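Examining the three-dimensional arrangement
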Amino acid sequence: MPVIYHLARNAGWRAAERSGSYTGTKEDRADGYLHFSTAGQIAESAAKHRRGEADIVLVAVDADSLGGALRWEPSR
């Protein structure tokens, strides 16, 4: 089971827990998909995209559970 990670903002993740649906961060919604990182990418991703933000939740997802909806792309 490969695990991938998403950096969610705490308020958005808590709202998702209450509603049962997560639509991603504002950046995810602007791009039209959720951004995930591998274990080897997550520290750099956090430093680059969430620097200075205090209320971040690291969400671990079983990559296999996403099936064909998951697309692997080179990181920017």
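What comes next is a walk through the structure. Source: prediction; values computed, not measured.

Here is what the cut-offs are and how they apply
- Residues numbered from 1 in each chain as written.
- Predicted model: local features only at pLDDT ≥ 70, side-chain atom pairs only at ≥ 80, totals over all residues.
- Heavy atoms only, no water.
- Helix = DSSP H or I, 4+ residues; strand = E, 2+ residues; numbered from the N terminus.
- Buried < 20%, exposed > 50% of the residue type's maximum accessible area, 1.4 Å probe, protein only.
- Areas by Shrake-Rupley, 256 points an atom, 1.4 Å probe, with all protein chains shown as cover.
- 1 Å grid on protein atoms, 1.4 Å probe; cavity = no way out; pocket = protein on both sides within 12 Å on 5 of 7 lines; lining within 4 Å.
- Points joined across faces, edges and corners; volume = space filled by probe spheres on them.
- Nonpolar A, V, L, I, M, F, W, Y, C, P; charged D, E, K, R; others polar.

**A word on the overall build of the protein chain**
- Helices and strands together make up the secondary structure of the protein chain, namely three helices and two strands.
- Each helix and strand of the protein chain, ordered N terminal to C terminal, gives the series β-α-α-α-β.
- Its C-alpha atoms give the protein chain principal-axis dimensions of about 30 × 25 × 25 Å.
- Taking all 76 residues of the protein chain together, the buried fraction comes to 24%.
- Carbon and sulfur atoms provide 53% of the accessible area of the protein chain, an area that totals close to 5400 Å².

**As for the layout of surface pockets**
- Estimated volume of the largest pocket: approximately 1100 Å³.
- Residue lining of the largest pocket: 35 residues in total, with Tyr33, Leu34, His35, Phe36 and Ser37 positioned closest to the centre.
- A per-element tally of the lining of the largest pocket places helix α3 (residues 42-49) first, with five residues.
- Considering only residue class, the lining of the largest pocket consists of 16 nonpolar, 10 polar and nine charged.

By themselves, these observations are geometric and do not establish any function.
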